[in-house]
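Report on the structure
As a plain string of letters, each chain reads:
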Amino acid sequence: NCFNCGFSTGWHPESQLGDKMMQFLQTIGVPEADTKRLKFEAFREATNQRVTDFRLKGSVTAKWKPIEFLKDCHPIRYWLDQNCTDRNFLKVVEYAESRNILDIDKMYWTPCKDKRERTYNRRIVVPYFYKGNIVGFTGRIAAHNPSKTLPKYMQEMPLSFIYGVDKQQDFNRKFIIITEGIFDAMVTDGIGTLHNNINEDQIAIINSLPGQKILCPDRDKDGDDLVEIAMSQRWAVAFPNWGRNAHGKAVKDAGEAAEMYGDLLTVKSIINSRETNTQDIRIKRKMDRIDYGY
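So, here's what we can say about the structure. (Residues numbered from 1 in each chain as written. Predicted model: local features only at pLDDT ≥ 70, side-chain atom pairs only at ≥ 80, totals over all residues. Heavy atoms only, no water.)

Regarding helix α1 (residues 19–27)
- Taken as a whole, α1 has its buried residues at Met21, Met22 and Leu25. For α1, the buried positions fall inside an angular range of 100 degrees around the axis, keeping them on one side. Exposed residues pointing more than 90 degrees away from the buried face of α1 are listed as Asp19 and Thr27.
- Of the residues flanking the end of α1, it is Gly29, one or two places downstream, whose phi is positive at about 100 degrees. (Buried < 20%, exposed > 50% of the residue type's maximum accessible area, 1.4 Å probe, protein only. Helix = DSSP H or I, 4+ residues; strand = E, 2+ residues; numbered from the N terminus. Arc of directions from axis to C-beta.)

A closer look at the sheet that holds strand β6 (residues 175–179)
- Read from one edge of the open sheet, five strands run β7-β6-β8-β9-β10, paired in mixed fashion. Every interior strand has two partners, whereas the edge strands, β7 (191–192) and β10 (274–275), have only one.
- As paired elements, β6 and strand β8 (residues 212–215) share four bridges and run parallel to each other. Its bridge partner being in β8, Ile178 is matched across the sheet by Leu215. (Pairing = 2+ DSSP bridges.)

What to know about a positive patch on the surface
- A cluster of like positive charges, contributed by Arg87, Lys91, Lys113 and Arg122, occupies part of the molecular surface.
- Within the secondary structure, Lys91 is located in helix α4 (residues 87–98).
- With relative accessibility at 41%, the residue Lys91 sits in the partly exposed group. (Patch = residues over 30% accessible without salt bridge, like charges linked within 9 Å, V, L, I, M, F, W, Y side chains within 5 Å. Areas by Shrake-Rupley, 256 points an atom, 1.4 Å probe, with all protein chains shown as cover. Salt bridge = Lys/Arg side-chain N within 4 Å of Asp/Glu carboxyl O. Lys, Arg positive; Asp, Glu negative; His and termini not counted. Charge placed at Lys NZ, Arg CZ, Asp CG, Glu CD.)

Topic: a nonpolar patch on the surface
- On the surface, Met260, Tyr261 and Leu265 cluster together into a nonpolar patch covering about 280 Å² of accessible area.
- Tracing the chain through its elements places Tyr261 in helix α9 (residues 254–261).
- Look at Tyr261 and you get partly exposed, because its relative accessible area is 37%.

Let's talk about the layout of surface pockets
- Considering only enclosed or pocket space, the largest pocket measures out at about 1,100 Å³ in volume.
- If you trace the largest pocket, you find 30 residues lining it, with Arg140, Lys152, Lys252, Asp253 and Glu256 closest to the centre.
- Secondary structure elements with two or more residues in the lining of the largest pocket: β4 (133–141), β5 (153–156), α6 (182–188) and α9.
- For the lining of the largest pocket, the residue count by class is nine nonpolar, eight polar and 13 charged.
- In this structure, the second largest pocket spans a volume of roughly 270 Å³.
- Forming the boundary of the second largest pocket are 16 residues, of which Lys106, Pro127, Phe129, Tyr163 and Lys167 lie nearest the centre.
- Elements supplying a minimum of two residues to the lining of the second largest pocket: β3 (123–130), α5 (165–168) and α6.
- The biggest single contributor to the lining of the second largest pocket is α5, with four residues.
- When its residues are assigned to classes, the lining of the second largest pocket shows eight nonpolar, three polar and five charged. (1 Å grid on protein atoms, 1.4 Å probe; cavity = no way out; pocket = protein on both sides within 12 Å on 5 of 7 lines; lining within 4 Å. Points joined across faces, edges and corners; volume = space filled by probe spheres on them. Nonpolar A, V, L, I, M, F, W, Y, C, P; charged D, E, K, R; others polar.)

Digging into helix α10 (residues 263–272)
- Of the positions making up α10, those classed as buried are Thr266, Val267, Ser269, Ile270 and Ile271.
- Next to the buried residues of α10 lie β6, α6, β8, β9 (236–238), α9 and β10. (Contact = heavy atoms within 4.5 Å.)

Some words on unusual backbone geometry
- In this structure, Asp72 takes a positive phi of about 55 degrees despite not being glycine.
- You can see Asp72 is positioned in the loop between α2 (32–47) and β1 (74–75).
- If you check the backbone angles, Asp189 has positive phi at about 55 degrees while not being a glycine.
- Structurally, Asp189 can be placed in the loop between α6 and β7.

Shape is all these values report; function is a separate question.
Here it is in structure tokens:
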């Protein structure tokens, strides 16, 4: 601020460089190339969204109580050891192999058809664990193109549940990979939101985990909500170039990528393609949409 001529200008973090500030920098001899670079950097910082500090309201995870599991539901390994030849069980095993889901200790199956179980005997069942207890579960129909009369997934879970939280606290991880689907979380050894949108409690739970958070959204428009949340929380967002499958369709998620490339390369591609700057994330998301048509 000059008291003689009345000229004034200013700048503070997270604001852009205005015309008067640019004029001031040029007047005191800052090279034009430097002023343009500073203006661009200030623009990038100013357009990054501020982090909202979500905090858990009470003990949400304390409400993740043990529940009664599906009747006679055991890991696939158990049924293989029993030489099970049930037609539905064999379809479940065949589907798991086709999806390259080989961890048969995490995959469960039940032969029961009670009212509560309904069609679970035709599904791969995945228990939801928290502190060693089953607090919910999901069942995925064992077919690539299930009948429209049957829901693809059926599940029971506690409010604000995040799949895989237990494992992330075993040791000090460098990265926490965030996916939408449960099978995506399995192949990346990450966490699954189980939905394309999450609430404040779930955000707070994720933020409490150690390591850099990397969101790997599904390659569809529904994933936009999670991308916006990731940018607001300063999580990284990954856009791996997984190409197209044998049918010419874009590889949609980490689970499908693992079918083609295996778990290790899928995880590596997510980590290597992560972006942290808001503008870069928006540009990459737009380019990804153009490339893969969604």
